[in-house]
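Descriptive structure summary
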Amino acid sequence: MARQESLAVVKEPETPAEETARIHIMGKSYVVPAGLTILKAMEYAGYRLVRGVGCRGGFCGACATVYRKAGDFRLYVGLACQTGIADGMYLTQIPFYPAPKPLYDIHRLSAGGETIFRFFPEVARCIQCNTCTKVCPQGLDVMRYIAAAQQGDFKRVAELSFDCIACGLCVSRCPGEIAHYHVGLLARRLYAAHLTPKAIHLRTRLGEIQEGRFSKEVETFCKMDRQSLQRLYAQRAIEPEEEVALPGKSNSDED
Ligand code: FES
């Protein structure tokens, strides 16, 4: 007699249960797969992000986020596209923090500290608490570049603030209510427009273009299709890279 198969067969899951985390987005609780970034977790939870997202690669500064971790009173900040979720996390995005952008013609401004104070007199309210530096997801020394801006040292500001992505998190925490990233931007523009040495060859080439020296070539390029242009671009002559001597090693060491 054939053996009867049991009807109560328990089917083993083909894949182990996914690990999950409970997070709280703007006060509402969601269970999402563990290991996601905040940005992906928000999308998984059903948020359709039309603000608060841009490059997804940590460059545009659109996804500033404030959060707290379970059992920790501290307020943390980060970029949603770069920060992983953790079980028990409370978070909200702040895609923009109020910081009016002044309008100016950079070529009509003087390249001194007085221009900074004209547009941003609040920089004098810096109490050197260093909160702006601590909160910066780019790890910039924000307080130091504000100090350099006060002194009109725009080269220093440009160096220290070069990687600013204008996420606005510094502005959100500053007790002096300074809009740091706008200060850095103005200083970098002043430095570029008034203080850096002019590229003579670039100016010469622009003059040549304006005089129509390359008009025929430009006309030809405009008639070419995309593939032909790409091919031409790939075949362009590239200047050989200059050999750079490493510190402590002369170029003749390998002789
Ligand atoms: S989306 Fe651009 S920095 Fe996060």
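On a predicted model such as this, the values are computed, not experimentally measured, just so you know.

Calculation notes
Residues numbered from 1 in each chain as written. Predicted model: local features only at pLDDT ≥ 70, side-chain atom pairs only at ≥ 80, totals over all residues. Helix = DSSP H or I, 4+ residues; strand = E, 2+ residues; numbered from the N terminus. Buried ≥ 20, exposed ≤ 12 C-beta atoms within 10 Å, placed from the backbone. Contact = placed C-beta atoms within 7 Å. pLDDT = per-residue confidence, 0-100. Pairing = 2+ DSSP bridges. Axes fitted to C-alpha atoms, helices over the stretch in contact; angles between N-to-C directions. Parallel < 35°, antiparallel > 145°, perpendicular 65-115°, else oblique. Left-handed = near helix turned anticlockwise from the far one by under 90°. Nonpolar A, V, L, I, M, F, W, Y, C, P; charged D, E, K, R; others polar. Core = buried A, V, L, I, M, F, W, Y, C linked by C-beta atoms within 7 Å.

Helices and strands together make up the secondary structure of the chain, namely ten helices and five strands. Counting every position in the chain, which comprises 255 residues, the buried fraction comes to 22%. Within the chain, contacts between residues separated by at least 24 positions form 60% of all contacts whose residues are at least 6 apart in sequence.

Turning to the confidence of the model for the chain, a few remarks are in order. In the predicted model, the chain carries a mean pLDDT of 89, and 88% of its residues have values of at least 70. Low pLDDT, under 50, characterises residues 1-13; the predicted model gives this stretch zero contacts beyond four residues in sequence or across chains.

Strand order in the open sheet formed by five strands is E2-E1-E5-E3-E4, and the pairing between neighbours is mixed. Edge positions in the sheet fall to strand E2 (28-33) and strand E4 (76-79), since each has one partner strand and no second. Direction aside, neighbouring strands of the sheet carry axes that sit 35 degrees apart on average.

Here we take up the packing of helix H4 (residues 142-150) against helix H5 (residues 154-161). If you want to describe how two helices pack, look at the angle between their axes and the distance between the axes. Packing of H4 against H5 leaves a shortest axis separation of 8 Å and a crossing angle of 160 degrees. In terms of axis orientation, H4 runs roughly antiparallel to H5. As for how H4 packs across H5, the hand of that crossing is left-handed. From H4, Arg144, Tyr145, Ala148 and Ala149 reach across to H5, where they touch Arg156, Val157, Leu160 and Ser161. When grouped by side-chain class, the residues that make up the contact of H4 with H5 number five nonpolar, one polar and two charged.

Next up on the list: the nonpolar core. Val142, Ala149, Val157, Cys170, Val183 and Ala187 are the most contacted members of the largest nonpolar core, which totals 47 residues. Going through the elements one at a time, strand E1 (20-25), helix H1 (38-44), strand E3 (64-68), helix H3 (131-135), H4, H5, helix H6 (169-173) and helix H7 (180-195) are the ones with two or more residues in this core. Broken down by element, this core gets its largest block of residues, six residues, from H4.

The next thing to look at is H5. When we look at burial in H5, the residues that qualify are Phe154, Val157, Ala158, Leu160 and Ser161. Of the surrounding elements, those touching the buried residues of H5 are H4 and H7.

Taken across its eleven residues, helix H8 (residues 200-210) has zero buried, putting it largely on the surface. Phi turns positive, to about 90 degrees, at Gly212, one or two residues after H8.

Turning our eyes to something else, we now look at the environment of His24. Relative to the assigned elements, His24 resides in strand E1. Residue His24 is classed as partly exposed on the basis of its 16 C-beta neighbours within 10 Å. Sequence separation of His24 and Met89 is 65 residues, and the distance between their C-alpha atoms is 6.1 Å. Those residues in contact with His24 that sit more than four places away from it in its chain are Ser29, Met89 and Tyr90.

The backbone of Arg56 shows a phi angle near 65 degrees, a positive value even though the residue is not glycine. Along the chain, Arg56 turns up in the loop between H1 and E3. A positive phi angle, close to 55 degrees, is found at Ala166, a residue other than glycine. Inspection of the secondary structure assignment puts Ala166 in the loop between H5 and H6.

For the rest of this paragraph, the subject is the pairing of E3. The pairing of E3 with E4 spans four bridges and is classified as antiparallel. Pairing of Thr65 across the sheet is with Gly78, part of E4. Pairing analysis gives four bridges linking E3 to strand E5 (residues 90-93), with the strands arranged antiparallel. Looking at E5, one finds that Val66 is bridged to Thr92.

At a closest axis distance of 8 Å, the pairing of H5 and H7 adopts a crossing angle of 125 degrees. By the angle between their axes, H5 is oblique relative to H7. The interaxial crossing formed by H5 with H7 has left-handed handedness. Residue-level inspection shows Phe154, Lys155, Val157, Ala158 and Ser161 of H5 in contact with H7, the latter providing Gly184, Ala187, Arg188, Leu190, Tyr191 and Leu195. Of the residues assigned to the contact of H5 with H7, the class counts are seven nonpolar, two polar and two charged.

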